[in-house]
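# Coordinates in review
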Amino acid sequence: ERLAGEAFRFMTPAPDAEATRARIAFCSCADEDAGTASGWRAMLAEKPEVVVLLGDTPYIDSTELDVLRRRYREFATFAPMAAILRSTPWYGTWDDHDFGKNDTDGDLEGKQYSRQAFVEYHANPTYGEADEGIYTRFRRGAVGVFLLHSLFLAGPQPSPLDADDTTLLGRRQWQWLKDGLAASTAPFKVLACGMIWNGATRPNKPDHWMSYSHERDGVLRLIGELDVSGVVLVGGDIHRSRVLRHRCAELAGYDVPELITSPMHDSIIDEANAPHRDLVWDSGAGHTFLVLTADASAKPATLDAKFFAAGAGVTFETTFTLDELSNGR
């Protein structure tokens, strides 16, 4: 379907200091098929203010520049997706299939072309630093979103936290995250990336934060050292949706939630329903997405998380208060 002649529109948001609410949708793992289309239509009906693409959006599995560009064009002109994105601001990061190859890392040959095509087809505020990766951040009302890339530097260089181990974020991205968290005045801070922040998934899958547990624990420790309240972790990738509440108060000062939303397409991975001591909820449903709604006018401020599946409506809902996402001092 062609989009020529379609109307495009936008609404300027209120200044961050004046806005007390925000409504942001997150999704991952999307095809150009009927199932994904139903997910986009369901998301449009929820009227999010912002959409965040968490990766495998789209599936490319190549670092050839012409293939990358073609797939981004095909994805962007898929009519059900375009219907929401022509009137809703959107931001993106990548996961393995749009970075270049399933379960890969920063040793991927041709990764500079993956970055080049991403920059050409995404209007993010920034794209990493010094031509490294694509990390960026934005704020919408009561929510500051830190979009991390978790593949471009993974593996090839020593970790800034442990020189005897490999890195996931890299030195520059790590400092960028530290500085950004320290400076953020948003009541809630969402740290989002393509991969999950725990290791409970299908057997032998390497691309998750617990393959770099020193840096995952480093993020939690950073939250505690900087006394950063209101942090929620968001991921995708694993073809299941899950909620965890990490018992990490000794590091972060409070128990940090993790919200995983996947997939928008049909394919579910049953083996990814892996046990974890902090698991709250698990779902194997396709055409699913997450909507976070923040209300800073409430006393205390609240962050409501709703998981949707096309045709089924809300499949799970949980609400966090700013008081419980703080160290209580």
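These figures come from a predicted structure and were not determined experimentally.

### Describing the pattern of salt bridges
Once the charged atoms of two side chains with opposite charge are near each other, the side chains can pair. On inspection of all chains with the given rule, the structure shows 20 salt bridges. R69 is the partner of E120 in a salt bridge, and the nearest nitrogen-oxygen pair spans 2.8 Å. Residue E120 is found in helix 5 (residues 111–121), and its partner R69 is found in helix 2 (residues 65–76); the two are separated by 51 residues along the sequence. Of the charged contacts, one joins R70 and E74 as a salt bridge, the two residues approaching to 3.2 Å between their closest N and O atoms. Placement of both R70 and E74 in helix 2 is noted, with a separation of 4 residues, approximately one turn of the helix. If you follow the salt bridges from partner to partner, you end up with D103, R202, K205, D207 and D237 in one network.

### Focus on the side chain of T63
Secondary-structure assignment places T63 in the loop between strand 2 (50–53) and helix 2. Within the structure, the side chain of T63 is placed 3.2 Å from the backbone oxygen of E109, a separation counted as a polar contact. Setting aside its immediate chain neighbours within four residues, T63 contacts L68, F99, G100, L108, E109, G110, K111, Y113 and S114.

### Digging into the side chain of E215
Topologically, E215 is positioned in helix 7 (residues 213–225). Put simply, E215 is tucked away with no salt bridge, and the nearest opposite charge, on R221, sits 11 Å away. A polar contact is formed between the side chain of E215 and the side chain of S159, at a distance of 2.7 Å. Setting aside residues no more than four positions away along its own chain, E215 makes contact with S159, P160, L161, T166, T167, L168, L169, W174 and W209.

### Re the environment of Y113
Locating Y113 in the fold gives a position in helix 5. Linking Y113 and F99, residues 14 residues apart in sequence, is a C-alpha distance of 9.3 Å. Discounting chain neighbours no more than four positions away, the residues touching Y113 are T63, L65 and L68.

### Focus: the sheet that holds strand 13 (residues 313–321)
Pairing is mixed across the open sheet formed by 6 strands, whose spatial order is 3-2-1-11-12-13. Where the open sheet ends on each side, the last strands, each with one partner, are strand 3 (90–92) and strand 13. Averaged over neighbouring strand pairs, the angle between their axes works out to 20° when direction is ignored.

### Regarding the environment of A296
Turning to its location among the elements, A296 is positioned in the loop between strand 11 (288–295) and strand 12 (302–309). Taking relative accessible area as the criterion, A296 reaches 23% and is therefore assigned partly exposed. For the pair A296 and Y59, spaced 237 residues apart in sequence, the C-alpha separation works out to 37 Å. A296 has contacts with T20, A142, P187 and A301, leaving out every residue within four places of it along the chain.

### Structural notes on helix 7
Taking 1.5 Å per residue as the helical rise, helix 7 with its 13 residues ought to reach 18 Å, and the 18 Å between its terminal C-alpha atoms agrees with that figure. For helix 7, the set of buried residues is H214, E215, R216, G218, V219, L220, L222 and I223. Where helix 7 is buried, its residues touch helix 6 (171–183), strand 6 (188–192), strand 7 (231–235), strand 8 (241–246), helix 8 (249–252) and strand 9 (256–260).

### Re the sheet that holds strand 9
Here 7 strands make up an open sheet; going across it, the order is 4-5-6-7-9-8-10 and the pairing mixed. A strand with exactly one partner marks an edge of an open sheet, and here the two such strands are strand 4 (136–140) and strand 10 (279–283). Adjacent strand axes in the sheet meet at a mean angle of 15°, parallel and antiparallel pairs treated alike. Where strand 5 (residues 143–147) and strand 6 come together, 5 bridges link them in parallel fashion.

Calculation notes
- Residue positions within a chain follow its written sequence, with the count starting from 1.
- Since the coordinates come from a predicted model, pLDDT governs what is reported: local features require at least 70, and pairs of side-chain atoms require 80 or more to be given and counted, while whole-chain, interface and lining totals use all residues.
- Side-chain metrics rest on all non-hydrogen atoms present in the structure, leaving aside hydrogens and water.
- Salt bridges are defined as contacts in which a side-chain nitrogen from Lys or Arg sits within 4 Å of a carboxyl oxygen from Asp or Glu.
- What counts as a helix is a DSSP run of H or I of at least four residues, what counts as a strand is a run of E of at least two, and both are numbered from the N terminus.
- Distance and chemistry together define a polar contact, namely a pair of N or O atoms within 3.5 Å, with one atom able to donate a hydrogen and the other to accept it when in protein, and with adjacent residues in sequence counting only for side-chain atoms on both sides.
- When checking whether two residues touch, look at their non-hydrogen atoms; a contact exists if any pair is within 4.5 Å.
- Under the scheme applied here, a residue whose accessible area is under 20% of the maximum for its type counts as buried, over 50% as exposed, and between as partly exposed, the area being computed with a 1.4 Å probe on protein chains only.
- The charge count treats Lys and Arg as positive and Asp and Glu as negative. His and the chain ends do not count.
- Two strands form a pair only when DSSP identifies at least two bridges running between them.
- To get an axis, fit a line to the C-alpha atoms, keeping to the stretch in contact for a helix; angles then go from 0 to 180 degrees between the N-to-C directions.
- To estimate the expected span of a helix, count its residues, drop one, and scale the result by 1.5 Å.

Shape is all these values report; function is a separate question.
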